[in-house]
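A look at the structure
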Amino acid sequence: MSSFNFPATGAHVPEDKDQQVVITPYGKGLVVRTRKHVDGVQEIELIDWKGATYSGPNRPATLFTSTKFPSVPPVVGDDVLTTYGRGKVLELRNNDQAVVLLSSWRLAGRSRVKCYLSLSSLRVLRAKKLYEMSVYEKVEHGQELKNEATAFFQRKEYEKALNVYSHAVDAVRYVQHKKDSSNEVRADLLVLMITCSNNAATCCTQLQKWDDSIKFAKSALSLIEALEEKKGKKIHTFLNQEGFSDIKIFGEWKVKSYLITARSLSEKGDSAVAMDVLKKAQDVILSFTANVPEGDPSVKSLLINGKEVKKLYAVCKDQKKAQLQKEKQRAQAMFAKPARDETGTKDGKKDSLTAASQDIGQVIQPPSVTAPTSPLASPSASTAAQQSPKKPKKNVSFAENLTQTPEVEWYEDPEVLTGLAIFAGAVVATAAGLTYFLSRKS
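Reading the values: rules and limits
- Residues numbered from 1 in each chain as written.
- Predicted model: local features only at pLDDT ≥ 70, side-chain atom pairs only at ≥ 80, totals over all residues.
- Heavy atoms only, no water.
- Core = buried A, V, L, I, M, F, W, Y, C linked by side-chain atoms within 4.5 Å.
- Buried < 20%, exposed > 50% of the residue type's maximum accessible area, 1.4 Å probe, protein only.
- Helix = DSSP H or I, 4+ residues; strand = E, 2+ residues; numbered from the N terminus.
- Contact = heavy atoms within 4.5 Å.
- Expected span 1.5 Å × (residues − 1).
- Patch = residues over 30% accessible without salt bridge, like charges linked within 9 Å, V, L, I, M, F, W, Y side chains within 5 Å.
- Areas by Shrake-Rupley, 256 points an atom, 1.4 Å probe, with all protein chains shown as cover.
- Salt bridge = Lys/Arg side-chain N within 4 Å of Asp/Glu carboxyl O.
- Phe/Tyr/Trp six-rings, centres within 6.5 Å; stacked < 30°, edge-to-face > 60°.
- Pairing = 2+ DSSP bridges.
- Axes fitted to C-alpha atoms, helices over the stretch in contact; angles between N-to-C directions.
- Parallel < 35°, antiparallel > 145°, perpendicular 65-115°, else oblique.
- Left-handed = near helix turned anticlockwise from the far one by under 90°.
- Nonpolar A, V, L, I, M, F, W, Y, C, P; charged D, E, K, R; others polar.
- Polar contact = N/O pair within 3.5 Å; in protein donor to acceptor, adjacent residues only side chain to side chain.

Focus on the nonpolar core
- Ranked by internal contacts, the top residues of the largest apolar core, which has 33 residues, are L239, V255 and L278.
- Of all the secondary-structure elements, those providing two or more residues to this core are α4 (183–206), α5 (210–229), α6 (234–241), α7 (246–268), α8 (271–289) and α9 (300–335).
- The leading source of residues in this core is α7, at nine residues.
- The contact partners of L239, leaving out residues within four places of it in the chain, are A187, L190, V191, L227, F244 and I249.
- Within the second largest apolar cluster, 26 residues are counted, among which are V164, V169, L189 and A217.

Given below as structure tokens:
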């Protein structure tokens, strides 16, 4: 075994398309590139060797050698390189044999090629990254993630299921079909996107992530509506041939998206919008069940969904009624006049003005006015006016402690006298100054 270091030429050598995972004296290693111009020297990144000295800030420990190391033993799910191309291990058998599904072979329709090969003939490869996959491989990867997420969902591990469903959607979200993309892969992609989006929305409702739930459900709904616009064309016809009926696609899947959206809106308090969505769901159900005989198994799921729609609609209706009642009470509290009881008080409580006047023990009354006696007035009226006693004027205050301030003449007010004294002193000082100034000038 030889060890080399070629930092100058390393950047110019492309990485191997199929990078093998090998066993080195330092543990597992990944063959990044093979330098064919230097006696087939391999550049191996050491995966398990933790005592390596790094040659750069982000560069792992690297071994340069011309020795061909053996492959690590394959396990189920590994990508492997066979005599017939690249594939994936589906099964390991006791007689040193592996069942490999070839990914580099594409036959007509959905036909695939399986090989039964000895373990010694297989070389384990690094799994492809998402950007390295073809359209077919991305769809297959998304289906694998969907199966994994479904297992989490069945165990009620909703957080894990949501993460894997989201990864499945992201794996195929930006797939760009080519001219050679078959109807099968196009249909599989569409079904994968719709079902994973709806299932992710269901996980969000279990986790009470209402905004995310609405986002996933609307994504599924937009795909269904896009397919509905192309009803009767290639992909729609192919899906029908594959067993996906219109009742399932435009009925069950669409109503599921509506139900998830309405439930999330209801939990957020948007009961009016949720009712509008439920009306659309009810219209879809009626369009498929109106002319179908009772008991037809093809619409059984739709009828079950119809019961859920009616139940949720009743809940939203009660919520809307309660919201309107609260708004009405709030408006009455803001603008309605307060009710007074027989004693003239508000809600059985005394007015502050009445309470203050009663605490003081005085009643505000207008001063009495005595008309002047006229010679034409009757004697009785004049006598009554003279005999009626005059009520003394009283100062009224709403202060808690009422004190009567005595009237003071200006010449008895000390503040007025002080001001006058200061003013007089200023006048005297001014006159003295003027006299002094005039005497010096003369």
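So, α5
- Helix length check: α5 (20 residues) gives 28 Å between terminal C-alpha atoms against 28 Å at 1.5 Å per residue, within 8%.
- Along α5, the residues classified as buried are W210, S213, I214, F216, A217, A220, L221, I224 and L227.

Side note on a nonpolar patch on the surface
- Together, V75, V76 and L92 line one region of the surface with nonpolar side chains, adding up to about 240 Å² of accessible area.
- By the secondary structure assignment, V76 is in the loop between β4 (62–65) and β5 (79–82).
- A residue is classified by how much of its surface remains accessible, and V76, at 53% relative accessible area, is exposed.

Structural notes on the packing of aromatic side chains
- Under the definition given, this model contains two aromatic pairs.
- For the pair F153 and Y158, a centre-to-centre distance of 5.4 Å together with 70 degrees between the ring planes defines the contact as edge-to-face.
- The class for Y158 is buried, based on a relative accessible area of 18%.
- Centre to centre, the rings of F244 and W253 are 5.9 Å apart; their planes meet at 50 degrees, and the pair counts as tilted.

Examining helix α3 (residues 158–172)
- Compared with an ideal rise of 1.5 Å per residue, which puts 15 residues at 21 Å, α3 spans 22 Å between its outermost C-alpha atoms and is within 8% of the ideal.
- Taken together, the buried positions of α3 are occupied by Y158, A161, L162, V164, Y165, S166, A168, V169, A171 and V172.
- Residues of α3 that are buried in the fold lie against α2 (135–154), α4 and α5.

Structural notes on the sheet that holds strand β6 (residues 85–93)
- Judged by pairing direction, the sheet is antiparallel, and its five strands sit side by side in the order β8-β7-β6-β5-β9 without closing on themselves. Edge positions in the open sheet fall to β8 (114–118) and β9 (123–125), since each of these has one partner strand only. The mean inter-strand angle of the sheet, taken between neighbouring strand axes irrespective of direction, is 45 degrees.
- Bridge count between β5 and β6: four bridges; the pairing is antiparallel. In the strand pairing of β6, V80 is matched with G87.

Regarding the packing of α5 against α7
- Where α5 contacts α7, the two axes come as close as 9 Å, and the packing angle between them is 155 degrees. If you check the angle between α5 and α7, you find them roughly antiparallel. Once α5 is placed against α7, the crossing between them reads as left-handed. For the pair α5 and α7, the contacting residues are W210, D211, S213, I214, A217, A220, L221, I224, E225, L227 and E228 in the first and I249, F250, W253, K254, S257, Y258, I260, T261, S264, L265, E267 and K268 in the second.
- Broken down by class, the residue content of the contact of α5 with α7 amounts to 13 nonpolar, four polar and six charged.

Observations regarding the pattern of salt bridges
- One pass over the structure, following the stated rule, counts 19 salt bridges.
- Taking the shortest distance from any N to any O, the salt bridge between R173 and D170 comes out at 3.1 Å.
- The exposure class of R173 is partly exposed, given its relative accessible area of 37%.
- Residue classification places D170 among the partly exposed positions, given a relative accessible area of 39%.
- Members of the salt-bridge network, linked through shared partners, are D18, D79, R86, K88 and E144.

A short note on the pairing of strand β7 (residues 97–102)
- Counting buried residues along β7, five of its six residues qualify, which places the element largely inside the surrounding structure.
- By the bridge criterion, six bridges tie β6 to β7 in an arrangement that is antiparallel. Paired with V89 across the strands is V100, a residue of β7.
- Hairpin remark: β6 followed by β7, antiparallel, with three residues in the connecting loop; positive phi at D96, about 55 degrees.

A look at the side chain of S264
- Mapping S264 onto the fold places it in helix α7.
- Looking at S264, its side chain comes within polar contact range of the main-chain oxygen of I260, at 3.0 Å.
- With residues near it in sequence (within four places) discarded, S264 still touches T205, W210, S213 and I214.

Re the sheet that holds strand β2 (residues 27–35)
- With respect to topology, four strands assemble into an open sheet ordered β1-β2-β3-β4, the strand pairing being antiparallel. The strands lining the two open edges of the sheet, one partner per strand, are β1 (21–24) and β4. Mean inter-strand twist for the sheet, computed between neighbouring axes without regard to direction, equals 40 degrees.
- Summarising the sheet, β2 and strand β3 (residues 41–46) pair through six bridges and their orientation is antiparallel. Bridging across to β3, V31 finds its partner in I44.

A look at the packing of α8 against α9
- The geometry of α8 relative to α9 is characterised by a closest axis approach of 9 Å and an angle of 155 degrees between their N-to-C directions. One way to sum up the angle between α8 and α9 is to call them roughly antiparallel. Once α8 is placed against α9, the crossing between them reads as left-handed.

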